[in-house]
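# Residue-level structure breakdown
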Amino acid sequence: MTMAANTATDQAQRNTEIVLTAMRELFAEKDITALDRYWSEPYVQHSPQMANGLDTLRAVVPGLEGFSWEPKRIAAQGDLVFTHSIVHGWAPNPVVIVDIFRLENGRIVEHWDVIQDFTSPEATVTGNPMI
């Protein structure tokens, strides 16, 4: 493996660890100070129901009831980390979310998500699980 490949692998690993720690501390532990440690302004939010900036997360997180974020698949490339998760407490019923986080200098600065209602394998055409 070349030095550049090692550096890219190291960056992807560091970014993955940052995202997993940040999401655990903010959403599972409801530690709002995690925003100061792992996110950075300007924070660009591509989720259609959420505004740019960290104030949106500061307002939303404390009110989440029964929230759990369970990443099942994680991939990272360069400055991006992708997670495929089952989430409870974000919507009335469980949802499957693909989150994409972009990091700069070890901080989350941009976020995209794709949210889909959870369907059990028995209710899918193929019988395959969504997650």
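Before reading further, recall that the structure is shown in the block above.
For the structure given in this document, a descriptive report is provided here. (Residues numbered from 1 in each chain as written. Predicted model: local features only at pLDDT ≥ 70, side-chain atom pairs only at ≥ 80, totals over all residues. Heavy atoms only, no water.)

So, about the sheet that holds strand β2 (residues 68-77). The mixed open sheet is built from five strands, whose spatial order is β1-β5-β4-β3-β2. The open sheet is flanked by β1 (39-45) and β2, the only strands paired with a single partner. On average, each strand axis in the sheet is inclined to that of its neighbour by 25 degrees, with strand direction left out of account. Here eight bridges tie strand β3 (residues 80-88) to strand β4 (residues 95-104), and the two strands are oriented antiparallel to one another. (Pairing = 2+ DSSP bridges. Helix = DSSP H or I, 4+ residues; strand = E, 2+ residues; numbered from the N terminus. Axes fitted to C-alpha atoms, helices over the stretch in contact; angles between N-to-C directions.)

Summarising the sheet, β2 and β3 pair through nine bridges and their orientation is antiparallel. Each bridged residue has a counterpart across the sheet, and for Q77 the counterpart in β3 is L80. Counting the residues that bridge the hairpin from β2 to β3 gives two residues, and of these G78 lies at a positive phi of roughly 60 degrees.

Time to look at empty space enclosed by the protein. Under the counting rule described, the total for this entry stands at one cavity of 30 Å³ or more. When its volume is computed, the largest cavity comes out at roughly 210 Å³. Along the walls of the largest cavity sit 17 residues, with M23, F27, W90, D99 and H111 positioned nearest its centre. Listing elements by their share of the lining of the largest cavity, those giving two or more residues are α1 (3-28), β1, β4 and β5 (107-117). Residue composition of the lining of the largest cavity, grouped by class: 13 nonpolar, two polar and two charged. (1 Å grid on protein atoms, 1.4 Å probe; cavity = no way out; pocket = protein on both sides within 12 Å on 5 of 7 lines; lining within 4 Å. Points joined across faces, edges and corners; volume = space filled by probe spheres on them. Nonpolar A, V, L, I, M, F, W, Y, C, P; charged D, E, K, R; others polar.)

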